[in-house]
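In case you want the letters, here they are:
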Amino acid sequence: MQDTVLPVTPDWAERALIDRAAYDDMYAQSIADPEGFWRDVAKRIDWIKPFTKVKDVSWDPDDFRIRWYEDGTLNVSVNCIDRHLARHSHHVAIYWEGDDPRESRTITYQELHDEVCRFANVLTMQGVKKGDRVTIYLPMIPEAAYAMLACARIGAVHSVVFAGFSPDSLANRIQDCGSEIVITADQGLRGGKTVPLKLNTDLALTQCPNVRRVLVVKRTGAKVPMQDGRDIDYFEAAAKVPPVCQPVEVGAEDPLFILYTSGSTGKPKGVLHTTGGYLTFVAYTHEIVFDYRPGDIYWCTADVGWVTGHSYIVYGPLANAATTLMFEGVPNYPSVSRFWEVIDKYKVNIFYTAPTAIRALMRDGEEPVKKTSRASLRLLGSVGEPINPEAWMWYWRVVGDERCPVIDTWWQTETGGILISPLPGATDLKPGSATKPLFGVRPELVDADGKTLEGAASGNLVLLDSWPGQMRTVYGDHARFINTYFSTYRGKYFTGDGCRRDEDGYYWITGRVDDVINVSGHRLGTAEIESALVENLKVAEAAVVAYPHDIKGQAVYAYVTLKAGQPATPALADELKAFVAQHLSPIAKPDVILFTPSLPKTRSGKIMRRILRKIAEGETSNLGDTSTLADPAVVGDLIERAKHIG
Ligand code: WT7
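The numbers attached to residues start from 1 for each chain and follow its sequence in the written order. Two thresholds apply to this predicted model, a pLDDT of at least 70 for residue-level local features and 80 or more for giving and counting side-chain atom pairs, whereas whole-chain, interface and lining totals are computed over all residues. Side-chain metrics in this entry use all non-hydrogen atoms of the structure; hydrogen atoms and water are not considered.

## Some words on the overall build of the chain
To be explicit about the condition: Strands are runs of DSSP state E lasting at least 2 residues, helices are runs of H or I lasting at least 4, and numbering of each runs from the N terminus. Throughout, the radius of gyration refers to the C-alpha atoms, and the reference size of a globule is 2.2 Å times the residue count to the power 0.38. Any residue under 20% of the maximum accessible area for its type is buried, any over 50% is exposed, and the rest in between are partly exposed; the area is computed with a 1.4 Å probe on protein chains only. The contact rule is simple, with two residues in contact once any of their heavy atoms fall within 4.5 Å. For the accessible areas, the method is Shrake-Rupley and the probe is 1.4 Å, while residue cover comes only from the protein chains on display. Neither His nor the chain ends is counted toward charge; the positive residues are Lys and Arg and the negative residues Asp and Glu. Charged side chains are reduced to one point each, which is NZ for Lys, CZ for Arg, CG for Asp and CD for Glu.
Counting secondary structure elements, the chain contains 21 helices and 31 strands. Taken against the 2.2 N^0.38 rule, which gives 26 Å for 646 residues, the C-alpha radius of gyration of the chain at 24 Å falls within 12% of a compact globule. Across its three principal directions, the C-alpha atoms of the chain cover 75 × 65 × 60 Å. Considering the chain as a whole, with its 646 residues, one finds that 61% of them fall into the buried category. A separation threshold of at least 6 residues defines the contact pool for the chain, and within that pool the share at least 24 residues apart is 72%. Just so you have it, the chain exposes about 24,200 Å², and 51% of that area is on carbon and sulfur atoms. Averaging the positions of the 70 positive and the 81 negative side-chain charges in the chain gives two centres separated by 3 Å.

Below is the structure:
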């Protein structure tokens, strides 16, 4: 079958920041002379002390370093706020749209400045200094952005924990980075339901003896217990400090933030991003990928708890003096027209969301979309997981009225920003493909043995050279960083993704090839879910795999063996699902739990996940080689059990 191609329209070719000829030229230049290319790009940043060195990178595990602009100094909050004040102090920095459509706030750049300074002063008064880690566990309210930027202003390192994570997950993340300060809210509000954030924090902190201060932002006004000597009402403290705060000079390679993400093994990794390269990269990609123009209203529907929120709600847009919309709610509350109503309310020009949201909204048909105008829209973005061609076409046709290019952006928490994506004025689109590498990005496909594949091929996606937004280490475990990403294919960055390259050199990401699963664009490690399951005293052993799901992309299938004497009942399956939701996150809740007396293992005791995946997918006709199993009869038994679980 021939792929659909949607050529760049003449108006886009004409007006876009980068047209096809420019893309070809600039890409060639960025590969031939990366230093020169990234030296120029970094001019968009206000440096306190200009850098003299652009790039110092070696991915050789024995001689490893990643440094960008290393002798430059800057302050991220100055770049995102102060430098815009002369011309843009009254421009809107953040539109905040509450979960309830009657609640909204407008924050100008001057107000953003004042609020961030207050927040920074409160942190300083609590003894937070440059290099200290601050955990932020907040819902989607402007204070989340203030808190991040306030940390950046004083050189503290934030670790945002998604407000959907459980007390245990929060505790692990607080402990791992050793933060003594937590910022939270009384409650969150999503889809009309409250989320007990302060309560969760209190539970988490029973495991975190080193936390000495909790700043509580009032969101719903619910009465929550406040621990004397530890908990502080944020707004009370903020009222007592001035709205000015001297920014701290920070080195380009000093850390900006840590963000935990799931890997294929063990506990989540603290992905560490630094300052100068990261800001340069997210500001630049925000402009070129979305063809951002001054005055545009830009909306990314992600949560600040994920990297998309960091890079493309907060840092990239604000560095570009953009108006960024922050949305507290969900796509289907109070109605399934909510996204489109918000677009009309604020006259959004650029809209960036996830395939899972599109697929969910597709179910409700065109009417809830078509009854809104959406005339302001110019460009539609997609991120987080592969977008299937059907969802792509629906997004383009129904949401964008066949007028707005759909920009499918591939990247990862580790990459800091977008690496593979069309540019709207330069790249002919193919529904389902993230298309071509951005400047300086050198993708390669390799087979399992690391052999480079040429031309049209399918393989594992690796990258051959660094870009300024690349993560620098796993917090507290540099060896794990080198091992995870640079050792599988020595000296190359292994993405963990499988990928096809077609005859036009377009990249089609096919999904993870490791034990990471992607549920509704949220990344989960099978190992994490398994360890949450075995924390339950009734569970002896668990093995988790993904299976395809119409809306979520992938869903969680858990094989569970119970301890002796535990009856395998539907009630227990429900109990275990709730247990995972509570101990890890509702996102990780298994869709299917299959009780089994034993799991397929090799003679050395390794669980054969390949077989479990096939059974979960219902593809039992071709299970491959099962001769190395200790007990091959287990497989037939599992297939029988799977039939009855439907
Ligand atoms: C993984 C990274 C990118 C920020 C949000 C997710 C998958 C991401 C795409 C895309 C196909 C995608 C990959 C990647 N992914 N974007 N456009 N097409 N797959 O960040 O949580 O670190 O997850 O998400 O599998 O490795 P993340």
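That was the structure; now back to the text.
## Describing the sheet that holds strand β11 (residues 213-217)
Here is the rule: Should DSSP find at least two bridges between two strands, the strands are regarded as paired.
Taken together, the eight strands give an open sheet; going across it, the order is β12-β11-β8-β6-β7-β14-β15-β24, and neighbouring strands pair in mixed fashion. With one partner strand each, in any of the chains shown, β12 (231-233) and β24 (473-474) form the two edges of the open sheet. By the bridge criterion, five bridges tie strand β8 (residues 181-185) to β11 in an arrangement that is parallel. Paired with Ile-181 across the two strands is Arg-213, which belongs to β11.

## Here we look at the confidence of the model for the chain
Keep this limit in mind: Residue-level confidence of the predictor, termed pLDDT, takes values from 0 up to 100.
When pLDDT is averaged along the chain, the result is 96, and 100% of the positions lie at 70 or above. Model confidence for the complex: the whole-complex pTM is 0.96, and ipTM, which rates the interface, is 0.99.

## Quick look at the environment of Arg-213
So the rule is basically this: In protein, a polar contact means a hydrogen-donor-capable atom and an acceptor-capable atom, both N or O and within 3.5 Å, with residues adjacent in sequence counting only if both atoms are side-chain atoms; elsewhere, any N or O pair within 3.5 Å suffices.
On the secondary structure map, Arg-213 appears in strand β11. Spatially, the C-alpha atom of Arg-213 lies 5.8 Å from that of Asp-231, the residues being 18 residues apart in sequence. Residues in contact with Arg-213, not counting those within four places in the same chain, are Gln-126, Glu-180, Ile-181, Val-182, Gly-229, Arg-230 and Ile-232. A polar atom in the side chain of Arg-213 sits 2.6 Å from the side chain of Gln-126.

## A look at the state of the cysteines
As a reminder of what qualifies: What counts as a disulfide here is a pair of cysteine sulfur atoms lying within 2.5 Å.
If you walk through the whole model with that rule in mind, you get zero disulfides. Looking at Cys-80, it has no disulfide partner, and the nearest cysteine sulfur is the one in Cys-117, 13 Å off. Cys-208 takes part in no disulfide bond, and the closest cysteine sulfur, belonging to Cys-177, lies 9.6 Å away.

## Focus: helix α7 (residues 142-154)
Where we set the bar: Here, expected helix span is obtained from the residue count minus one, scaled by 1.5 Å.
Taking 1.5 Å per residue as the helical rise, α7 with its 13 residues ought to reach 18 Å, and the 19 Å between its terminal C-alpha atoms agrees with that figure. Counting buried residues along α7, 13 of its 13 residues qualify, which places the element largely inside the surrounding structure. In the segment just after α7, Gly-155 is the residue with positive phi, at about 80 degrees.

## Description of the site of the ligand
Counted only if it meets this: Near is defined per residue: the residue qualifies when any heavy atom it owns lies within 4 Å of the molecule or strand. Three classes are used, and their members are as follows: Ala, Val, Leu, Ile, Met, Phe, Trp, Tyr, Cys and Pro are nonpolar, Asp, Glu, Lys and Arg are charged, and the others, Gly among them, are polar.
Near the ligand, the surroundings consist of 17 residues, among which Asp-408, Thr-409, Thr-413, Asp-497 and Arg-523 are the closest. Note that an oxygen atom of the ligand is positioned 2.5 Å from one of the side-chain N or O atoms of Thr-413. Within the side chain of Asp-497, an N or O atom sits 2.6 Å from an oxygen atom of the ligand. Here the ligand, which alone exposes 550 Å², has 95% of that area covered by the protein. Listed by contribution, the elements that provide at least two residues to the shell around the ligand are α12 (307-319), β20 (406-409) and β26 (507-512). Tallied by class, the residues present in the shell around the ligand amount to six nonpolar, six polar and five charged.

## Remarks on the UniProt feature "domain: AMP-dependent synthetase/ligase" (unreviewed entry) in the chain
For the record, the criterion: UniProt positions are given in the numbering used here, feature names are shortened, and annotations may be inferred rather than shown by experiment.
This chain's UniProt record puts "domain: AMP-dependent synthetase/ligase" (unreviewed entry) on residues 82-462. Annotated as 31% helix and 23% strand, the span residues 82-462 places its first and last C-alpha atoms 38 Å apart.

## Focus: the pairing of strand β29 (residues 539-549)
With ten bridges connecting them, β29 and strand β30 (residues 553-562) associate as antiparallel partners. Residue Ala-542 lies in a different strand from β30, and its bridge partner there is Val-560. Connecting β29 to the next strand, β30, in antiparallel fashion are three residues.

## Description of the UniProt feature "binding site: Mg(2+)" (unreviewed entry) in the chain
Under the feature "binding site: Mg(2+)" (unreviewed entry), the UniProt entry names Val-534 and Val-539. Mapped onto the secondary structure, Val-534 falls in helix α18 (residues 526-534). For Val-534, the contacting residues outside a window of four places in its chain are Val-539, Ala-540, Glu-541 and Ala-542. Considering the arrangement of structural elements, one finds Val-539 in strand β29.

## Here's the deal with the nonpolar core
Using the following cut-off: Buried Ala, Val, Leu, Ile, Met, Phe, Trp, Tyr and Cys residues form a nonpolar core when they are joined through side-chain atoms within 4.5 Å.
Counting 197 residues, the largest nonpolar core has Leu-112 and Tyr-315 as its most contacted members. In terms of residues, this core owes the most to one element, α7, which gives ten residues. Once residues lying within four places of it in the same chain are set aside, the contact partners of Tyr-315 are Val-76, Cys-80, Met-148, Leu-149, Ala-152, His-158, Leu-256, Phe-257, Tyr-278, Leu-279, Val-282 and His-310. Among the nonpolar cores identified, the runner-up in size contains 22 residues, and Ala-543, Tyr-559, Ile-611 and Val-635 belong to it.

## Let's talk about the pairing of strand β17 (residues 323-327)
The two faces of the sheet receive side chains in turn, since in a regular strand these alternate between them. A large share of β17 lies buried, amounting to five of its five residues. A two-sided burial pattern is seen for β17, the buried positions comprising Thr-323, Leu-325 and Phe-327 on one face and Thr-324 and Met-326 on the other. Where strand β4 (residues 92-97) lies against β17, four bridges are found, and the strand directions are parallel. Bridge pairing in β17 places Tyr-95 opposite Leu-325. Pairing analysis gives three bridges linking strand β16 (residues 297-300) to β17, with the strands arranged parallel. Within β17, the position partnered with Ile-297 by the bridge is Thr-323.

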